[in-house]
Amino acid sequence: VTDTARVAALRDAAFTIAMALLGLIASIVVAWLMARTIVNPLTRLTERVGEIRDQMPLIVARAGDLESDPSTILEPIEVSSQDEIGELAEAFNASNAQVIDIAAEQAKLRSSIAETFVNVARRDQVLLNRQLSFLDQLERNEEDPTVLADLFRLDHLATRMRRNAESLLVLAGIDSGRRIRENLPLTDVIRTAQSEIEQYERVQFDDLQIDPSMHGFNALSAAHLLAELLENATVFSEPDSTVSISTGVDGGFIMVTIVDSGLGMSAEELAEANERVRGIGTDTILSSQRLGLLVVGRLARRLQARVRFSRRKDGQ
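Predicted, not measured: the structure shown is a model, and the values here were computed from it.

Colleague: Before we go on, may I ask you to explain the packing of helix 4 (residues 186-194) against helix 5 (residues 216-235) in this structure?
Modeller: To characterise two packed helices, one gives the angle between the axes of the helices and the distance between these axes. One way to put it is that helix 4 packs onto helix 5 with a least axis distance of 8 Å and a crossing angle of 50°. The angle between helix 4 and helix 5 places the two elements in the oblique class. Judged by the sense of rotation from one axis to the other, the crossing of helix 4 with helix 5 is right-handed. Between helix 4 and helix 5, the residues in contact are Val 189, Ile 190, Thr 192, Ala 193 and Gln 194 and Ala 219, Ala 222, Ala 223, Leu 226, Ala 227 and Leu 230, respectively. Each residue belonging to the contact of helix 4 with helix 5 can be placed in one class, and the counts come to nine nonpolar, two polar and no charged.

Right, dumping it as structure tokens:
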């Protein structure tokens, strides 16, 4: 009897242990399955959000294209569950859609502002061209030196105003429309730029090693670019100092160097100025206090030229 009881007890114990092991295994399997139902969607959601994060600059740029449909720019995150994870994916989709809508609205706003720039600049350009033609006629018929000098000053002011109107067109991404047919020597391009700034008498030719000809369809844009740089050099230097300009060759490029005697810029200011003329951060046009550098950057890209600010050899 004792042996029979012991065998029964062992059998019961083995059965209990087996059932406990089966329960443990079942618990592990159920927990693993439940973890998969949570972790896998979270992993897919995390990967998809990471992809959208990396692509967001390009997505926003595409949203800024007025010809594109914002609803087709970004493929939404797939939602395959109705739990909290699905709600989180829906929230990301709504947030991304809102970002794209805002980018599209900003693009429309920039386009509207650009159109305003163009309309104002075109009207000013027409009036200024008529004014310059009228002044030119008066200058040819005037013999009094005093009156003629006053007419020349008015002519110079109108020329500067026309450059400002053309700068608006450049910021709006529109060509000014002014062209010349004949090739123009580089020295004449520089003199044209000199004539379009206020303190033109402070600009001096230093060392003109070369004087190549420039295609007529690029000459006036190049003169506009140089005028902006000369204006910057004269405004931010001592009133009684001179601004020198020289030409040379740097590898396969024609180099025009402008040197002023200003207080100079810090390393951070130099880096910012070089970023602006390279076109970095040009979306902040309206808040910028140095529109001339943005104009230079736009013109440089149009001409496939390179502009760089640096310190003089004496450290200034």
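Colleague: Can you walk me through the pairing of strand 4 (residues 243-250) in this structure?
Modeller: In the case of a regular strand, side chains alternate between the two sheet surfaces. Note: strand 2 (residues 203-208) against strand 4, four bridges, orientation parallel. Across the sheet, the residue bridging to Val 203 is Val 243, located in strand 4. Where strand 4 and strand 5 (residues 253-259) come together, seven bridges link them in antiparallel fashion. Residue Asp 250 lies in a different strand from strand 5, and its bridge partner there is Phe 253. Between strand 4 and strand 5, which pair antiparallel and follow one another directly, the connecting turn spans two residues, one of which, Gly 251, has a positive phi of 65°.

Procedures and definitions
Residues numbered from 1 in each chain as written. Predicted model: local features only at pLDDT ≥ 70, side-chain atom pairs only at ≥ 80, totals over all residues. Heavy atoms only, no water. Axes fitted to C-alpha atoms, helices over the stretch in contact; angles between N-to-C directions. Helix = DSSP H or I, 4+ residues; strand = E, 2+ residues; numbered from the N terminus. Parallel < 35°, antiparallel > 145°, perpendicular 65-115°, else oblique. Left-handed = near helix turned anticlockwise from the far one by under 90°. Contact = heavy atoms within 4.5 Å. Nonpolar A, V, L, I, M, F, W, Y, C, P; charged D, E, K, R; others polar. Pairing = 2+ DSSP bridges.

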